[in-house]
Amino acid sequence: MSDYDAIVVGSGAGGGVAAAVLAEAGKSVLLLERGRNLSFEAVGRDHLRNQRMPVYGHNAGPDIDGNPRTIEADSFPILVGQALGDLRLLRPHEPGYQNNAACVGSGTRVYAGQAWRFMPQDFRMASEYGLPKGSSLADWPITYEDMAPYYEKVEWEIGICGDHRTMTHLPAYDRPYPMPALPLPHKSGIHKRGLESLGWQWLRVPRLINSVPYNDRPGCINCQHCVGYACPADAKNGSQNTTVPRALRSGNCTLRAEVMVERLDSSDGGRITGVTVIDAAGERQTYTADVLVLSCGAVETARLLLNSATRHEPTGIGNSGDQVGRNLQGHYYPGAAGLFPDVMFDGVGPGCSIATCEFNHGNDGIIGGGFLGDEDIVTPITLWKRFYPPDAPRWGIEAKRFMRDNFRRINDVTGPVQEIPSPEARVTVNPRVKDKYGIPVVHLSGKTHPETVRSARFMHERAKEWLLASGATKVWGKPPPRYLSGGQHQAGTCRMGEDSATSVVDPFCRVHSHDNLFIADGSPHVTNGGFNPVETIMALAWRTAENIVKRW
Amino acid sequence: MFEHTQMKCLHALLDTIIPPDDYPGAVEAGVGDYLQRQLAGDLAESLSSYETWLADLDAEARAVNGTDFADMTPRERAELLTRVETGVVKARWSIEPAAFFREIVEHCAEGYYSDSGNGGNRGGIAWRMIGFEVTG
Ligand SMILES: Cc1cc2nc3c(=O)[nH]c(=O)nc-3n(C[C@H](O)[C@H](O)[C@H](O)COP(=O)(O)OP(=O)(O)OC[C@H]3O[C@@H](n4cnc5c(N)ncnc54)[C@H](O)[C@@H]3O)c2cc1C
Ligand code: SF4
């Protein structure tokens, strides 16, 4: 007899959904999370230490001491972290680490809540575009039609606001969003007119935010600290205030935070029986369960599988095809900034309200593409560091006057580019470096496929065109160079497929070699769309968990 | 951390990077406090570079003007820093003058424009100046 029916590892986007669906179906669930349960105050409003601007630290984990990773020096365009032989040793807030977050809710505690459905073409990229040399581009084994009902569930049950009538790049919705779009900030109105003048499609950006009171919580108060911070009104819908409380309210779920899963435990026959964990006091414990769901995020799920090798699977669980950890992808974020003659900033948060899907597909000579949207409110120091014109004065009275006159006139547009996966962009483990628990750390290597960089250059040019059409008198910015991408939008490391030689999980996200081991996070994404991934992660987790219940 | 002459030099430097006008300069806005805190924490490894760079700046001021940097007029200080920024120096610097100046400018902006919880932007004065209002 096992301790629990199911153990879910990780309380972020995917793990929250899995725990809620399983617990509400009457299964006893243990939800394990390595990070803390962070209050609004604990997240804080430090403009130099947050998940959006992590200059000296961040605010949603993991702790910057004791959680290192290593990376090949040439995987990143600038020298990052500290030298460790030929490698670089990174702390979690440093560039190159590929962090999302570690706390109850993970990234959803502090995210922007942009809530995008992928497009039908995003699920069949290889069929649409063929196979670029050196890439591992493939179709998903499921389609948009398989996902649509689960997108709708996420929209209604977790809570997404938007205007389905503007989502003209997608097949018609069966149901509108449950809440209207957020109010349009002044600058978004200007950018909307810019798009109209170009004849480019525009839409209202759907968000996991209560635009009006919903699910017993209040509506957004349009503050200036959305992306990178916790919501002062509790109107932003993350796992910590939606799916995790739902799981707990069912009476069937136990949440244990500050507990690190060290490895998956197996029987002599190789069946997964549970987990070994290390708690905050450093105590090691084991828990058994009939079903295991891994929701550690794409980087840490791969690490856990690789660190759980057995006699039967000596290179790691689910890794007989040498696929675990490959195809790491996230999103390149090309964009541009511009200076406008009139004040753009009106302080109405969150900010990103208007976008265009004109360039997600059908671009001559480009594989995929992405959407472009206007930006969430940018804090003063973030503007200074990321969006300041390269030729403007940086010090002296002229610089002070420039900030004073133009902080509210500088505005940027940007968006995620669909990355073309490379099998060499990879998570492995580094047995020579251990974290504070004594567990071998993640080692990162490789880079994105060159086609990603080409798409990003193309989108950078479109961003400049849009800004000029919106009335910018001057635009600037550079397209990104080639590097290893993952980060907050990490995905792809345990790809979904029919064949265990080329994928890690089956079309219901079950690890091929096991009948009781599932993955519910960004790892199974075969490709990651030209959209922020979280609604897809949640929808896929819903489908996976529902199927686990159905087949129990 | 810094002894008296170093502190004088640092404050004169910060107020040349973000000078007072009808809004406070760097020092009055608390950027000195921001830096003290950072140099005892996240930027501890930069402390010795700061000390060296400030000493070199004073040496440069003496070579050019015959006085310490802090005793120059604001206009003279700005002119001197313009030369430092482009690497045109008279004294023998033991640290690359221009590159570290850029770092100091960045730290100064961090103190001035980030949240006052970090020690600078006292009372939110910098945000008031540029029009970043926090409503919720
Ligand atoms: C500032 C910010 C803004 C963002 N904005 C958006 C947005 O607007 N739209 C969007 O789509 N996405 C956004 N994201 C990204 C979004 O948060 C992620 O896509 C999403 O959270 C990933 O879900 P996941 O289930 O794959 O993993 P995660 O949500 O990262 O969950 C993984 C969890 O597992 C825990 N864990 C890992 N290993 C272990 C272990 N061994 N033992 C115990 N626990 C473990 C981690 O601590 C973490 O809490 C944003 C992220 C950030 C940080
Ligand atoms: S803008 Fe502010 S109030 Fe609105 S959802 Fe975001 S954090 Fe909450």
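This text gives an overview of the structure that appears in the document. For every chain, the first residue of the written sequence is number 1, and numbering continues from 1 onward in sequence order. Following the order in which they are written, the chains are lettered starting with A and the ligands numbered starting with 1. Local features in this predicted model are restricted to residues whose pLDDT is 70 or higher, and side-chain atom pairs enter the listing and the counts only when it is 80 or higher, whereas totals over whole chains, interfaces and linings include all residues. Processing note: side-chain calculations cover all non-hydrogen atoms of the structure and skip hydrogens and water entirely.

1. Details of empty space enclosed by the protein
Residues and elements named next belong to chain A.
Here comes step 1: A cavity here means a set of points on a 1 Å grid, drawn over the protein atoms and nothing else, where a 1.4 Å probe fits but cannot get out; a pocket is an open set with protein on both sides within 12 Å along at least five of seven lines, and a residue lines either one if it has an atom within 4 Å of a point. Grid points are joined across faces, edges and corners, and a volume is the space filled by probe spheres set on the points. In this structure the tally under the stated criterion is 7 cavities of 30 Å³ or more.
Here comes step 2: By volume, the largest cavity amounts to about 200 Å³.
Here comes step 3: Phe345, Asp376, Ile377, Val378 and Asn411 are the residues nearest the centre of the largest cavity, which is lined by 19 residues in total.
Here comes step 4: Put simply, DSSP marks the helices as runs of H or I at least four residues long and the strands as runs of E at least two long, and each gets a number from the N terminus on. Residue assignment for the lining of the largest cavity shows that the elements contributing at least two residues are α8 (380–387) and β14 (410–414).
Here comes step 5: At 3 residues, β14 tops the list of elements feeding residues into the lining of the largest cavity.
Here comes step 6: The residue inventory of the lining of the largest cavity, partitioned by class, reads 10 nonpolar, 3 polar and 6 charged. Nonpolar residues are Ala, Val, Leu, Ile, Met, Phe, Trp, Tyr, Cys and Pro. Charged residues are Asp, Glu, Lys and Arg, and all others, Gly as well, are polar.

2. Let's talk about the environment of Ala539 of chain A
Residues and elements named next belong to chain A.
Here comes step 1: Along the chain, Ala539 turns up in helix α11 (residues 534–550).
Here comes step 2: To sort residues, take the accessible area from a 1.4 Å probe on protein chains only and compare it with the maximum for the residue type: under 20% means buried, over 50% means exposed, and anything in between is partly exposed. By relative accessible area, Ala539 is classed as buried at 0%.
Here comes step 3: Working rule for contacts: check all heavy atoms of both residues, and any pair within 4.5 Å makes them a contact. In this view, Ala539 contacts Met147, Tyr150, Tyr151 and Val154; residues no more than four positions away in its chain are not counted.

3. Details of the site of ligand 2
Here comes step 1: It suffices for a single heavy atom of a residue to lie within 4 Å of a molecule or strand for the residue to be listed as near it. Looking at ligand 2, the residues that line it are Ile209, Cys220, Ile221, Asn222, Cys223, His225, Cys226, Cys231, Pro232, Gly349 and Pro350 of chain A.
Here comes step 2: Its residues placed into classes, the shell around ligand 2 shows 8 nonpolar, 3 polar and no charged.

4. What about the sheet that holds strand β5 (residues 87–90) of chain A?
All names here are of chain A.
Here comes step 1: With mixed pairing, 5 strands are arranged side by side in an open sheet as β4-β5-β3-β16-β15. For this open sheet the edge positions go to β4 (82–84) and β15 (426–434), each flanked by a neighbour on one side alone. Taken pair by pair, the neighbouring strands of this sheet meet at an average axis angle of 35°, ignoring direction.
Here comes step 2: At least two DSSP bridges between two strands are required for those strands to pair. Relative to β5, strand β3 (residues 69–72) runs antiparallel, the two being bridged by 4 bridges. Directly across from Glu72, in β5, lies its bridge partner Leu87.
Here comes step 3: Sheet contacts for helix α7 (residues 298–306): β3, β15 and β16 (440–445); angle to β15, the most-contacted strand, approximately 60°. For every element, the axis is a line fit to its C-alpha atoms; helices are fit only across the contacting stretch, and the angle between N-to-C directions ranges from 0 to 180 degrees.

5. Brief notes about the layout of surface pockets
Any space left empty among the atoms is revealed by the rolling of a water-sized probe across them.
Residues and elements named next belong to chain A.
Here comes step 1: The volume enclosed by the second largest pocket comes to roughly 390 Å³.
Here comes step 2: Taken together, 22 residues form the lining of the second largest pocket, with Gly35, Arg36, Pro62, Asp63 and Ala102 sitting closest to its centre.
Here comes step 3: Considering only residue class, the lining of the second largest pocket consists of 10 nonpolar, 6 polar and 6 charged.

6. Here's the deal with the site of ligand 1
All names here are of chain A.
Here comes step 1: Around ligand 1, a shell composed of 38 residues is seen, among which Glu33, Arg34, Ser106, Gln114 and Val534 lie nearest.
Here comes step 2: Here a nitrogen atom of ligand 1 sits 3.4 Å away from a polar atom, N or O, in the side chain of Asn532.
Here comes step 3: Under this definition, polar contacts are N or O atom pairs within 3.5 Å; protein pairs additionally need one hydrogen-donor-capable and one acceptor-capable atom, and for neighbouring residues in sequence, both atoms have to be side-chain atoms. At a separation of 2.7 Å, an oxygen atom of ligand 1 approaches a polar backbone atom of Val534.
Here comes step 4: All accessible-area figures derive from a Shrake-Rupley calculation using a 1.4 Å probe, and residue coverage is judged against the displayed protein chains alone. Compared with its free state, where it exposes 990 Å², ligand 1 has 98% of that area covered by protein.
Here comes step 5: Those elements that place two or more of their residues in the shell around ligand 1 are α1 (13–24), β8 (259–266) and α11.
Here comes step 6: The leading source of residues in the shell around ligand 1 is β8, at 3 residues.
Here comes step 7: Considered class by class, the residues forming the shell around ligand 1 number 17 nonpolar, 17 polar and 4 charged.

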